[in-house]
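Residues per chain, in single letters:
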Amino acid sequence: NSSTGEGGIYVKKDAQGNITTEIAPYTADEQVPIKSSALYYSAIHTHPKSAYPMFSWTDIYNLYLLEMNAALPFNRNHSSFLLVCEDENGVKQTYAIVFEDIGSYVEETLNKPEFAGCTPKEICERMDKLLKDKYDDESDKSNPNYERTFLQFNFGTNIGLYKANSDLTNWSKLSINENSDTAIVNSVNCN
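Residues numbered from 1 in each chain as written. Predicted model: local features only at pLDDT ≥ 70, side-chain atom pairs only at ≥ 80, totals over all residues. Heavy atoms only, no water.

Colleague: I would appreciate a short explanation of unusual backbone geometry in the present structure.
Modeller: With glycine set apart, most residues show a phi of negative sign, and most peptide bonds adopt trans. Despite not being glycine, Leu168 has its phi angle at roughly 60°, a positive value. Here Leu168 shows up in the loop between strand 6 (159-164) and strand 7 (171-175). (Helix = DSSP H or I, 4+ residues; strand = E, 2+ residues; numbered from the N terminus.)

Colleague: Can you walk me through the environment of Ala183 in this structure?
Modeller: Turning to its location among the elements, Ala183 is positioned in the loop between strand 7 and strand 8 (186-189). In this structure Ala183 comes out as buried when scored by relative accessible area, which is 3%. Along the sequence, Ala183 and Pro48 sit 135 residues apart, while their C-alpha atoms lie 27 Å from each other. When neighbours within four sequence positions are excluded, Ala183 is seen to be in contact with Arg148, Ile176 and Glu178. (Buried < 20%, exposed > 50% of the residue type's maximum accessible area, 1.4 Å probe, protein only. Contact = heavy atoms within 4.5 Å.)

Colleague: Any chance you could explain the environment of Asn62 here in plain terms?
Modeller: Considering the arrangement of structural elements, one finds Asn62 in helix 1 (residues 57-69). Distance from Asn62 to Phe81, taken between C-alpha atoms, is 7.6 Å for residues 19 residues apart in sequence. What Asn62 contacts, discounting residues up to four positions off in sequence, is Gln31, Ile34 and Phe81.

Colleague: I keep staring at the confidence of the model for the chain and nothing clicks. Help me out?
Modeller: Segments scoring low in pLDDT should not have their predicted coordinates read at a detailed level. Confidence in the prediction for the chain averages 89 pLDDT; 95% of positions are at 70 or higher. Element-level pLDDT for the chain is lowest in strand 3 (residues 40-46), with a mean of 89, against a maximum mean of 97 in strand 7. (pLDDT = per-residue confidence, 0-100.)

Colleague: Is there a simple way to explain the packing of aromatic side chains in this structure?
Modeller: Centre distance and the angle of the planes are the two values used to describe a pair of aromatic rings. In this structure the tally under the stated criterion is 7 aromatic pairs. Judged by centre distance (6.1 Å) and plane angle (70°), the rings of Tyr52 and Tyr135 are edge-to-face. Taken as a pair, Tyr52 in the loop between strand 3 and helix 1 and Tyr135 in helix 3 (residues 120-139) lie far apart in primary sequence, 83 residues in all. Of the two residues, Tyr52 and Tyr135, neither departs from the other in class, the shared state being buried. Clustering of aromatic rings is evident, with ring pairs tying together Trp57, Tyr61, Tyr64 and Tyr105. One Lys or Arg, Lys13, reaches over the ring of Tyr41 and ends 5.2 Å from the middle of that ring. (Phe/Tyr/Trp six-rings, centres within 6.5 Å; stacked < 30°, edge-to-face > 60°. Lys NZ or Arg CZ within 6 Å of the ring centre and 35° of its normal.)

Colleague: I'm lost on the packing of helix 1 against helix 3 in this one. Help?
Modeller: When two helices pack together, their arrangement is captured by the angle between the axes and the distance separating the axes. Where helix 1 meets helix 3, the axes come as close as 7 Å, and the angle between the chain directions of the two elements is 135°. The orientation of helix 1 with respect to helix 3, classified from their angle, is oblique. Across the interface between the two elements, Trp57, Thr58 and Tyr61 of helix 1 pack against Pro120, Cys124, Met127, Asp128 and Leu131 of helix 3. Here the residues of the contact of helix 1 with helix 3 sort into 6 nonpolar, 1 polar and 1 charged. (Axes fitted to C-alpha atoms, helices over the stretch in contact; angles between N-to-C directions. Parallel < 35°, antiparallel > 145°, perpendicular 65-115°, else oblique. Nonpolar A, V, L, I, M, F, W, Y, C, P; charged D, E, K, R; others polar.)

Structure (structure tokens):
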């Protein structure tokens, strides 16, 4: 993580199952552009220390674009969006968001009456602000839990949150059983 800007990698897969990566151009602002087309099904990005401590709502929208634009059958329903960020203790953490099942969370959000006439970018900015406020409230606590904050914000939706172990050999699904500030983040091993 740098103090400014984001880095990223685009991941694509062809019909033969060959997976290749492409380094995203570094950006000095807080949003790396995401490529989404028939071959691109995933991307990895960083957040600078000055940005969100976890995924933003724009990240969810980018996952949506990856899924909607992965028109080829071998890439449909395989979309993921990964984040490498630094926690409160300076330790690098790697997370992924995916769509757990068929759902319409993003479409429902984009079509809310209060967003009538807004562009997707304007909607993302407004949703990002709502989520940022939640992260800011959490940062005031003695032991902030941004995983829980993200899960609370997306509680009851089809957004799944996963976390890699420190050497990136194992993933766990993170979840909460209730939408409350005292909810415990459950971690279930995926391997």
